[in-house]
Number of protein chains: 2
Amino acid sequence: MPEVRVEEAQRFMQESLLAGGAPLTEAMAHADLLLHADVVGHYSHGMNRLELYINDMKSGVCNPHAEPIILKETAATAWVDGCDGLGATVGNFSMALAIKKAKECGVGWVAVKRCNHYGMAGYWALKAEKEGLIGMSFTNSSPILVPTRAKQGTLGTNPISMAAPATGGDSIVVDLATTTAAMGKVEMQIRKGEPLPEGWALGPDCEPTTDAQLAFDAGKLLPLGGLEKTNGYKGYCLSAMVEVLCSGLSGSRATHNVPQWSHSQTEPPNLGQCFVALNPECFAPGFGDRIADCLQHWRNLEPVDPSLPVLAPGDKERNNAKVTHARGTIKYPESQMTSAKRLADRIGIRPLEAI
Amino acid sequence: MPEVRVEEAQRFMQESLLAGGAPLTEAMAHADLLLHADVVGHYSHGMNRLELYINDMKSGVCNPHAEPIILKETAATAWVDGCDGLGATVGNFSMALAIKKAKECGVGWVAVKRCNHYGMAGYWALKAEKEGLIGMSFTNSSPILVPTRAKQGTLGTNPISMAAPATGGDSIVVDLATTTAAMGKVEMQIRKGEPLPEGWALGPDCEPTTDAQLAFDAGKLLPLGGLEKTNGYKGYCLSAMVEVLCSGLSGSRATHNVPQWSHSQTEPPNLGQCFVALNPECFAPGFGDRIADCLQHWRNLEPVDPSLPVLAPGDKERNNAKVTHARGTIKYPESQMTSAKRLADRIGIRPLEAI
């Protein structure tokens, strides 16, 4: 696979977003968000989506000059209008507000309407973790999760994320879609020519399928847990919980009214997002030590297969980031290089250079 | 199955708890907690556990006269010492505190150490829902969940619960263990003589098993999602998240140091619990209408099997409660009647009467 220097990937995304109409500060912030996903190995949420964001700015679906507005506020809460700004613009504004409130009174709970897609949810939780706080973030998204017993996708992958600091610079990071797998993982199985494990998706006939292409075409993902017999209704319930905290609190669109995200979007998605910060200093002393103890305990558990060590939540991404930084490059598939070339030509910027 | 009038079940549990040493107010509160589980059909968390609570009081593991103490406080947060009180004593104190804070400043986040088992997590979330708030509650528990790739159970079923009010007296209630299934469900499969679905549990050899008896003896439950290939690490991450919010914030024991709950408990479990209330009025107007719209949308989805309608989160329990109240009785298995008889003889109260 072609290798691209981390700085070059960042340069390319920044310039693309600038050419798409974003002010420099917002282009830098949004490029940082996308770069994070590629660095930690979640390629589906990184440069892979760059063109969607550019198109949204060009079509007016996203207003990169938007400045979020606080509509209502208490010491611990805020209701914010994201004004259809870029994901990073709204995320940085809202998480900074949650962090400020958490430092002042222990909790900051910010619910935001009129949001665009904001990349990896965990990126936002980590903003609070870097300030010594517990961070949490949730977003609703396009309808793709089929509730237990139903025929039709009507909830989103509605992710749950949480990050918490541990002593010694360590951390726990939880970041997961409430579907069994994201659609990006289904695409990966198609590319590899491999079937899906049971419990990932339904086919067009609403019956469970292990045919990756059928599942991709149908767009009916099962909730975490899979079918009813393996308690997939729990993933459905978790997705519904995220819906309550996002569209419920913010007054955004509910997921079942959100259009699919596409290259020909015509109206703002008006997503709902939640940014939460919690100050451990308001509770029992020694928080960081206790989290470090848990991390150490989990990592030291005896594995079933000695070649597959037990990981703590967030270790996979941390390890991927270490490898990326040591190598200094990100490996993109050929198809990504081709899309990047086409995008560069279209918006008139210097193409992405592989080494 | 023998039928017991709801009032008689309540009378029996109250008298048992009184005889076990609880003051009247606490016996009534704790009986209400257990009765709720039986009324909504989660028998594992109801009278089924009565004798464990009685034994805990008799052995001094639980102090039914305890009064929880606020150790640290801000407008939005509190750190509480549960002082080894009964689950209902600590839960009522802590959720009332969270509700008061949410009404004053939008959020109340209360973390509690030195807790005993507190029944169904959703019961506590519902306390806030009845006040027009979003309620959430989490607890850690005894180690039984095997983290992905590990051989040993080290996290708890660590439940996540949330309840939110909808217009017209309706509500959404999420209440789920972060394992695929609770051990009580494994016992049910043994009684029915049926195998487990794949993805529920490991056997004593740490390999996946569908043998219910083997799984019960081994005590190694898989996280929600099952094995690694069906992304069971997500259930593991959710359980870890609950751990951070419970033992992390409160300074209680981490799950891996909590003893199994048994009839011969010798020391307090020192569990960590979290009680959260969130005031929708601090966010976008029309919260109840939006939740009602989601509930209606989900319930009206076309089902795959017309005889199995799509349920909204909490519908199953609400429907069970309706049936229970209409009938006026709870159906207990013979084994429950036998244990109740033995308990009554032992502590010298009037036996539980079936109709």
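Keep in mind that this is a model prediction, so the values were computed, not measured.

Draft legend 1. Highlighting the interface of chain B and chain A. Counting from both sides, the interface comprises 85 residues of chain B and, opposite them, 85 residues of chain A. Of the roughly 7,000 Å² buried between chain B and chain A, counting both surfaces, carbon and sulfur atoms make up 71%. Joining chain B to chain A, the criterion identifies two salt bridges. When the shortest N-O distance is used, the salt bridge between Lys151 of chain A and Glu302 of chain B registers 3.1 Å. Our enumeration of links across chain B and chain A arrives at 34 residue pairs in polar contact (both at pLDDT 80 or more). Of all the secondary structure elements, the ones that give two or more residues to the side of chain B that touches chain A are β3 (77-81), β4 (107-115), β5 (134-139), β6 (160-166), β7 (170-176), α8 (233-250) and α9 (287-299) of chain B. Of the residues assigned to the side of chain B that touches chain A, the class counts are 53 nonpolar, 19 polar and 13 charged.

Draft legend 2. Representation of the packing of helix α1 (residues 6-19) of chain A against helix α3 (residues 50-59) of chain A within the structure. All names here are of chain A. Across the interface, α1 lies against α3 with an axial gap of 9 Å and an inter-helix angle of 15°. By the angle class used here, α1 and α3 are roughly parallel. The way α1 lies across α3 gives a crossing that is right-handed. Contacts between α1 and α3 involve Phe12, Met13, Ser16, Leu17 and Ala19 from the former and Leu50, Tyr53, Ile54, Met57 and Lys58 from the latter.

Draft legend 3. Representation of the pairing of β5 of chain B within the structure. All names here are of chain B. By the criterion of burial, β5 is predominantly enclosed, with six of the six residues buried. Burial of β5 is two-sided: the residues Ile134, Met136 and Phe138 facing one way and the residues Gly135, Ser137 and Thr139 facing the other way are all buried. As paired elements, β5 and strand β11 (residues 271-278) share six bridges and run antiparallel to each other. Considered in β11, the bridge of Met136 is made with Val276. Bridge analysis of β5 against β6 gives four bridges, and the strand direction is antiparallel. Note on β6: the bridge partner recorded for Phe138 is Ile160.

What counts and how
- Residues numbered from 1 in each chain as written.
- Chains lettered and ligands numbered in written order.
- Predicted model: local features only at pLDDT ≥ 70, side-chain atom pairs only at ≥ 80, totals over all residues.
- Heavy atoms only, no water.
- Contact = heavy atoms within 4.5 Å.
- Buried area = accessible area lost by both parts, 1.4 Å probe.
- Salt bridge = Lys/Arg side-chain N within 4 Å of Asp/Glu carboxyl O.
- Polar contact = N/O pair within 3.5 Å; in protein donor to acceptor, adjacent residues only side chain to side chain.
- Helix = DSSP H or I, 4+ residues; strand = E, 2+ residues; numbered from the N terminus.
- Nonpolar A, V, L, I, M, F, W, Y, C, P; charged D, E, K, R; others polar.
- Axes fitted to C-alpha atoms, helices over the stretch in contact; angles between N-to-C directions.
- Parallel < 35°, antiparallel > 145°, perpendicular 65-115°, else oblique.
- Left-handed = near helix turned anticlockwise from the far one by under 90°.
- Buried < 20%, exposed > 50% of the residue type's maximum accessible area, 1.4 Å probe, protein only.
- Pairing = 2+ DSSP bridges.

Geometric values such as these leave the question of function open.
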